[in-house]
Amino acid sequence: MSAIASEDEPVNSRPPSGDIESHSSIGSQQHAPFDKDEQPAGEQADTPPDVPDLITLLSTLSLLTFFAIWGDLLRKAVVAAGSYGGVTLFPLAWDQILGCVIMGAAVNMRADLEAYYPPLYTGLSTGLAGSVTTFSSWMLEVFQAYSNQRHQDHHGFHNFMDALGQTVVTLGIAVACLIFGSHLGKFLLLRRLPIARILRSPRYRRHARTSTLSHVLALALGPLFWAGAAVLCGLRSDWRGIVTFGLVFAPPGAILRWWLAKKLNPVAPNFPLGTFAANMIGTALIALFFLLQYTGDRSITSCGVLQGLSDGFCGCLTTVSTFAVELRSIRHRHAYLYAFVSYAVGQILMVLVLGAYWWANGLNGSACALR
């Protein structure tokens, strides 16, 4: 069976799921834990007990918080690593590459991750991969290319080609890296690798679901790291704008995206309304936060907050990796419509929120000088 489902397969023929990746069938195939002669005696018929609903919910929120913080940090680190003189690939593309590879691997390993500890899959896919990639920053950079907001030495048709290049490259690498990630996930699940033995062992699965330590760890990771980010934000004022404010605002963005998808995606299986709403809200907000950095007198703290909201909240609220999964999972004509509407509405929001003010009043220089 192919790791990536055919686009011609009706999405509503697949079993529903509450996760944000509920429309994907990547990795939906089940894997046998081990050959019979490799399983310890007495464990072949064991089924790991279910994790209580309340613990599952709280663990999911905690792991979303934990992985969103790391996703935001990874996104910033990758952009920094990809920003240098004479770049041939715009830095944001590397975030989309990394996040989509992680997403492809996670979705391919979904059955094993959920059998091991149910919230772990949501944390890795929605929390980590979804937060490394960002739809809102992509929309902002495409709008800046269309309008030549950075005042490059070209105009007109060349502006269009610049924006078109960023659009095509982002969509292309998102889908390609998703496929590569699915193959990576299959490789990681080869039974000779330690990760496969851990995820597929009935003994380890039972321990992960019943051990008090595993529940305490899952419940504590998110709050502890979130509190640590807040403390670091208070202690190091020089890190606030570029790092720590974003880490503080990242978890609410990821959790809101997860909640929107959980509530709205089942409404229209061929047009994921939850992901669409998250991406559009984040796009409108990042345009507003960007505009506010160019207007009025801003203190260092307010500039840091605006940058943190842009990178952390909007960056984790919006996602390209889930967007790519959904494009691969719904029928061709619905996928094209979903992609076009998302892209068009994103650019319209940029024009209404940022462009209208800019073209009427001008944006001569950033009041924050953080970008």
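Residues numbered from 1 in each chain as written. Predicted model: local features only at pLDDT ≥ 70, side-chain atom pairs only at ≥ 80, totals over all residues. Heavy atoms only, no water.

Per an unreviewed UniProt entry, the protein chain carries the name Fluoride ion transporter CrcB and comes from Mixia osmundae. Listed under Subcellular location (unreviewed entry) in UniProt, the entry text for the protein chain is "Cell membrane". Its UniProt record, at the heading Catalytic activity (unreviewed entry), says of the protein chain: "fluoride(in) = fluoride(out)". (UniProt positions renumbered as here; feature names shortened; annotations may be inferred.)

*Asks:* Give me the overall build of the protein chain: which residues, what numbers.
*Replies:* Per the secondary structure count, the protein chain includes 14 helices and 0 strands. The helix and strand sequence of the protein chain, counted from the amino end, reads α-α-α-α-α-α-α-α-α-α-α-α-α-α. A total of 371 residues make up the protein chain; the buried ones form 51% of that total. For the protein chain, the proportion of contacts with a sequence separation of at least 24, taken over those separated by at least 6, is 80%. Within the structure as shown, the protein chain displays about 16,500 Å² of accessible surface, and the carbon and sulfur contribution to it stands at 67%. (Helix = DSSP H or I, 4+ residues; strand = E, 2+ residues; numbered from the N terminus. Buried < 20%, exposed > 50% of the residue type's maximum accessible area, 1.4 Å probe, protein only. Contact = heavy atoms within 4.5 Å. Areas by Shrake-Rupley, 256 points an atom, 1.4 Å probe, with all protein chains shown as cover.)

*Asks:* Got a sec to walk through the nonpolar core? Specific residues and values, please.
*Replies:* Phe135, Trp138, Tyr338, Met350 and Leu354 are the most contacted members of the largest nonpolar core, which totals 62 residues. One finds Ala229, Cys233, Phe245 and Val248 within the second-largest nonpolar core, a separate group that totals 6 residues. (Core = buried A, V, L, I, M, F, W, Y, C linked by side-chain atoms within 4.5 Å.)

*Asks:* Requested: an account of the pattern of salt bridges, with residues and values cited.
*Replies:* Pairing is possible between side chains that carry opposite charge, provided their charged atoms lie close to one another. Applying the stated criterion across every chain yields a total of 6 salt bridges. For Arg75, the salt bridge is made with Asp72, and the minimal N-O distance between the two is 3.3 Å. With Arg75 and Asp72 both in helix H1 (residues 53–81), this residue pair falls 3 residues apart, about one helical turn. Both residues of the pair, Arg75 and Asp72, count as buried. For the salt bridge of Arg200 with Asp112, the shortest nitrogen-to-oxygen distance reads 3.1 Å. Taken together, the residues Arg200 in helix H7 (residues 194–200) and Asp112 in helix H3 (residues 110–116) connect sequence positions 88 residues apart. Here Arg200 matches Asp112 in class, with each residue buried. (Salt bridge = Lys/Arg side-chain N within 4 Å of Asp/Glu carboxyl O.)

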